[in-house]
Amino acid sequence: MKQLTSMKGKAVKQVAIIILAVFLLTLPLYIDSAYIMHLLIMACIGTILGMTFSLLFSTGLISLGAAAFYAVGAYISAVLSMNFGFSFWGAFPVTVIASACLALVVGSIFVRSGGIAFAIITLLFASAIVLAAGQVEYLGGWGGIIGIARPTPLGPVEFTNKTPYYYLALAILALVILAFYALYTSRIGRAWKAIKLSPNLSGTLGINLYRYRLLAFVVAAAGAAAAGSFYAHYFQTVTPGAFGGWLSIYIQLYAVLGGLEFYLLGPAVGAVLMTFIPEYLRVIKEYEPIVTGVLLLIVILFFPGGILGSIINSEKINGARLWSRISSIGTWMKKSR
Amino acid sequence: MALLEIKNITRIFGGLIAVRDLSLDVNEGEILGLIGPNGAGKSTLFNIISGFIPPNKGKIFFKGEEITGLRIDQIAQKGIARIFQEPTLFMQETVFENVLSGFHRHYRQPFWKAFLHTPAANREETLKKEKALEILDFMSLTSMSNELAANLPHGHQRALAIAIALATGPELLLLDEPVTGMNPTETMGMVEKIKRIRQRGITVLIVEHDMKAVMSLCDRIVVLSLGVKIAENMPAAIRKDEQVIEAYLGKQVI
């Protein structure tokens with residue numbers, strides 16, 4: 001009986017994925033606003049970035065600098081395109097590999113610490129990347145790099161309007177999802193989860209905490225760099241200001257809002273909502289950030305499992321539980337010291 | 001050569017000497033009991049063997065190879081499994097997933113094959129799942145395999161901790177108070193389980209306060225008091241040892 005229900009659940013899941021894929025692939029047919037298409041593209045990018053935050057979270061690490069390798073990827077891709085004559089198609093894989101190599105170097109130092117220390121190190125690293133980019137003449141200083149080439153035509157497809165960019169973003173997103181999903185469902189993902197749930201127990205099982213966290217750091221960096229490479233050739237401009245501290249905070253919000261325990265779907269839900277809700281609140285103009293902020297506070301305080309967590313577990317919210325959530329933050333901070 | 005050789009281990013915490021110049025051999029295939037009053041240094045010794053705390057002085061050899069100063073996971077990779085005193089499990093995972101995690105060190109397919117889910121990697125995964133079911137059956141946990149570890153009663157959590165340790169395929173199993181807090185029936189069940197674990201060819205080093213369990217289980221017993229070994233003998237002789245009685249009850253009682 002149990003097996004039957006699980007098979008049914010699997011079938012429902014597959015059908016849902018197919019419907020979602022068809023919907024996403026045919027979406028440009030129903031939308032004629034270039035601006036909405038732009039928001040969809042940004043939602044794809046936001047989803048990728050949120051997923052890289054969740055990937056590190058799945059090993060028990062909290063990164064406050066999720067935008068760091070997004071910036072690194074954008075700059076590498078811009079330099080490859082402007083100074084070395086790479087097209088997007090050549091720059092993209094080189095950028096991903098180069099960023100992964102850089103992540104291997106800095107990550108081998110960063111992941112030696114966990115908890116609050118790791119969070120602060122990543123925050124400083126992301127800030128340092130932005131400041132360094134602003135100071136270096138070769139990278140255009142604070143003015144950034146302007147005039148990066150669009151992707152060269154792919155057969156008959158030319159990148160002159162939003163639709164091909166949308167499909168390109170969707171393809172990169174699909175690639176990232178496939179790679180992450182393959183990791184989560186393998187023994188590697190199981191080891192990540194073990195480290196997150198109990199570092200001590202996973203150690204006594206022979207799991208090398210350092211090595212597995214480093215792997216997660218490198219994979220997350222590669223994902224963020226892929227998004228960064230796309231960004232450079234989509235906006236055709238890369239400036240340090242675009243990767244400032246707020247961006248990293250937004251990326252975390254995507255993951256938290258959607259539901260931290262949903263490593264793939266959570267950031268997608270969060271990124272779509274965070275991209276579109278502020279747009280529809282534009283009617284109230286300057287009060288929009290306040291309303292968005294209050295909405296976020298309500299969701300995070302009263303639905304700590306995120307939107308998906310609240311729908312799927314449908315826990316009753318009561319005072320005692322809320323208090324236990326708040327005090328658990330205190331215990332978490334004590335633990336991570 | 002003994003399976004585990006502890007040579008002149010000393011560990012000091014601040015001004016307290018938790019373990020003082022302790023030497024101890026664990027022979028292959030035996031069940032060795034480690035007893036002593038609270039604060040005798042039993043848990044410290046466990047933490048030193050499994051790599052959680054480095055010793056200040058002394059060396060530890062496993063199968064003739066020095067393991068002092070190795071990381072926790074490196075020691076686990078050598079074949080030493082350790083059960084914590086507090087139930088330490090992956091609480092938010094099912095019983096089955098908990099045991100599956102225990103097989104970590106036995107995967108032979110490389111990273112990239114696991115990532116790409118190649119047929120060889122999938123076969124390996126299926127094999128591990130079958131073995132996990134076998135271990136669940138051995139520890140009488142089959143009926144709970146889909147429960148979250150957090151929802152298990154205390155006794156079953158202990159059994160699950162041992163099941164995870166067995167999945168690592170250890171040669172030496174360190175058990176920290178496996179029957180403390182259990183009722184007599186549960187205790188007897190656990191004692192039988194531990195005997196059967198030894199029959200599987202696993203050497204057991206056990207810390208326990210329940211004297212009845214220790215006496216019926218162990219081939220040899222080592223008694224610690226204030227970080228020093230005060231006796232090492234067969235259970236029957238330990239029972240009559242005056243120094244041991246003194247350490248447990250104090251001099252005036254005798």
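Calculation criteria
- Position numbers for residues start from 1 in each chain and track the written sequence from start to end.
- Chains and ligands are labelled sequentially in the order written, the chains with letters from A and the ligands with numbers from 1.
- In keeping with the model being predicted, local features are shown solely for residues with a pLDDT of at least 70 and side-chain atom pairs are shown and tallied solely at 80 or more, while totals for entire chains, interfaces and linings include all residues.
- Only DSSP runs of H or I with at least four residues qualify as helices, and only runs of E with at least two residues qualify as strands; both kinds are numbered from the N terminus onward.
- Residue burial is a threshold on neighbouring C-beta atoms within 10 Å of the residue's own C-beta, all placed from the backbone, with 20 or more meaning buried, 12 or fewer meaning exposed, and counts in between meaning partly exposed.
- Note on contacts: residues are paired as contacts if their backbone-placed C-beta atoms lie within 7 Å.
- A helix is expected to span 1.5 Å multiplied by its residue count minus one.
- Pairing between two strands requires that DSSP report at least two bridges joining them.
- Convention adopted: a line fitted to C-alpha atoms gives each axis, helices being fitted over their contacting stretch, and angles between N-to-C directions are expressed from 0 to 180 degrees.
- By our criterion, buried Ala, Val, Leu, Ile, Met, Phe, Trp, Tyr and Cys residues that link up through C-beta atoms within 7 Å make up a nonpolar core.
- Each domain's limits were defined by an automated method or a database of domain assignments.
- Throughout, the ten residues Ala, Val, Leu, Ile, Met, Phe, Trp, Tyr, Cys and Pro are labelled nonpolar, Asp, Glu, Lys and Arg are labelled charged, and all others, Gly among them, are labelled polar.
- Roughly parallel here means an angle under 35 degrees, roughly antiparallel means over 145, roughly perpendicular means 65 to 115, and every remaining angle is called oblique.
- Throughout, a crossing is termed right-handed when the near helix is turned clockwise from the far one, and left-handed when it is turned anticlockwise from it by less than a right angle.

(A) Local environment of the overall build of chain A. Broken down by element type, chain A carries 14 helices and two strands. Its C-alpha atoms give chain A principal-axis dimensions of roughly 55 × 45 × 45 Å. A burial count over chain A gives 43% of its 337 residues as buried. Taking contacts inside chain A between residues at least 6 apart in sequence as the whole, the part at least 24 apart equals 76%.

(B) Fine view of helix H11 (residues 265–280) of chain A. Across its 16 residues, H11(A) extends 23 Å between first and last C-alpha, which sits within 8% of the 22 Å expected from 1.5 Å per residue. When we look at burial in H11(A), the residues that qualify are A:Gly266, A:Pro267, A:Ala268, A:Val269, A:Gly270, A:Ala271, A:Val272, A:Leu273, A:Met274 and A:Thr275.

(C) Representation of the sheet that holds strand S4 (residues 57–62) of chain B in the model. Residues and elements named next belong to chain B. One open sheet holds the four strands; their spatial order is S2-S1-S4-S5, and the pairing between them is antiparallel. The open sheet has two edge strands with one neighbour each: strand S2 (16–26) and strand S5 (65–66). In this sheet, S2 lies alongside strand S1 (residues 4–13) in antiparallel orientation, the contact comprising seven bridges. Looking at S2, one finds that Ile-12 is bridged to Ile-17. Strands in contact with helix H1 (residues 42–49) are S1, S2 and S4; relative to S2, the strand with the most contacts, it is inclined by about 65°.

(D) Representation of the pairing of strand S6 (residues 80–83) of chain B. Residues and elements named next belong to chain B. Because side chains alternate across S6, one face comprises the buried residues Ile-80 and Arg-82, and the other comprises Ala-81 and Ile-83, equally buried. Here S6 runs beside strand S7 (residues 172–176); their pairing, made up of four bridges, is parallel. Residue pairing across strands places Ala-81 opposite Leu-173, the latter belonging to S7.

(E) Structural view of the sheet that holds S7(B). Residues and elements named next belong to chain B. Reading across from one edge, S6-S7-S8-S3-S9-S10 is the order of the six strands in this open sheet, with mixed pairing throughout. Pairing within the sheet leaves two strands with one partner each, and these edge strands are S6 and strand S10 (228–233). For this sheet the average axis-to-axis angle between neighbouring strands, irrespective of direction, equals 15°. Where S7 and strand S8 (residues 203–207) come together, five bridges link them in parallel fashion. The partner of Asp-176 across the bridge, within S8, is Val-207. Against the sheet, H1 makes contact with strand S3 (31–35), S6, S7, S8 and strand S9 (220–225), and its axis sits at roughly 145° relative to S7, the strand it touches most. Packed onto the sheet, helix H7 (residues 184–199) meets S3, S7 and S8 and runs at close to 150° relative to S8.

(F) Spatial organisation of the nonpolar core. In terms of nonpolar packing, the biggest core is built from 169 residues, with A:Ala71 and B:Ala163 touching the most fellow members. Take this core: its biggest share by element is 19 residues, from helix H9 (residues 209–235) of chain A. No fewer than three residues from each of domain 1 (1–78 + 174–181 + 202–254) and domain 2 (80–169) of chain B sit in this core. When sequence neighbours within four positions are dropped, the list of residues in contact with A:Ala71 reads A:Ile129, A:Val130, A:Ala133, A:Gly228 and A:Phe243.

(G) How the structure looks around the interface of chain B and chain A. Taken together, the contact between chain B and chain A spans 25 residues of the former and 19 residues of the latter. Going through the elements one at a time, helix H2 (72–78), S6, helix H3 (95–101) and helix H4 (111–116) of chain B are the ones with two or more residues in the side of chain B that touches chain A. In terms of residue class, the side of chain B that touches chain A is built from 12 nonpolar, nine polar and four charged.

(H) Examining the domain arrangement of chain B more closely. Residues and elements named next belong to chain B. Looking at chain B, the domain boundaries give domain 1 (1–78 + 174–181 + 202–254) and domain 2 (80–169). Residue contributions to the side of domain 1 that touches domain 2 peak at four residues, all from H2. Its residues assigned to classes, the side of domain 1 that touches domain 2 comprises eight nonpolar, four polar and three charged.

(I) Seen up close, the packing of helix H3 (residues 68–84) of chain A against helix H4 (residues 88–110) of chain A. Residue and element names in this part refer to chain A. Running from amino to carboxyl end, H3 crosses H4 at an angle of 135°, the nearest separation of the two axes being 9 Å. By the angle class used here, H3 and H4 are oblique. Two packed elements cross with a definite hand, and for H3 against H4 that hand is right-handed. Contacts between H3 and H4 involve Phe-69, Val-72, Gly-73, Ile-76, Ser-77, Leu-80 and Ser-81 from the first element and Ala-91, Phe-92, Val-94, Thr-95, Ala-98, Ser-99, Leu-102 and Ala-103 from the second. Taken together, the residues of the contact of H3 with H4 break down into 10 nonpolar, five polar and no charged.

(J) Fine view of the environment of A:Ala226. All names here are of chain A. By secondary structure assignment, the location of Ala-226 is in helix H9. By the C-beta count within 10 Å, which is 27 here, Ala-226 ends up buried. Distance in space between the C-alpha atoms of Ala-226 and Ala-149 is 17 Å, their sequence separation being 77 residues.

(K) Expanded view of helix H10 (residues 245–258) of chain A. Residues and elements named next belong to chain A. The end-to-end C-alpha distance of H10 is 21 Å, a good match for the 20 Å that 14 residues give at a rise of 1.5 Å each. For H10, a buried count of 10 out of 14 residues is recorded, marking the element as mostly surrounded by other parts of the structure. Among the residues making up H10, those that are buried are Leu-247, Ser-248, Ile-251, Gln-252, Leu-253, Tyr-254, Ala-255, Val-256, Leu-257 and Gly-258. Two residues or fewer after H10 comes Gly-259, characterised by a positive phi angle close to 130°.

(L) Focus on the packing of helix H6 (residues 162–184) of chain A against H9(A). All names here are of chain A. Taken N-terminus to C-terminus, the directions of H6 and H9 make an angle of 175°; their axes are 11 Å apart at the nearest point. Comparing the axis directions of H6 and H9 gives the class roughly antiparallel. Within the contact between the two elements, H6 uses Tyr-165, Leu-168, Ala-169, Ile-172, Val-176 and Leu-183 and H9 uses Val-219, Gly-223, Ala-226, Ala-227, Phe-230 and Tyr-234. Of the residues assigned to the contact of H6 with H9, the class counts are 11 nonpolar, one polar and no charged.

(M) Molecular detail of the pairing of S4(B). All names here are of chain B. Pairing between S1 and S4: five bridges, direction antiparallel. Bridge pairing in S4 links Glu-5 to Phe-61. Sheet analysis places S4 next to S5, joined by two bridges and oriented antiparallel. From the neighbouring strand, Phe-61 faces S5, where its bridge partner is Glu-66. As consecutive antiparallel partners, S4 and S5 are separated by two residues, and within that stretch Lys-63 has a phi angle of approximately 55°, a positive value.

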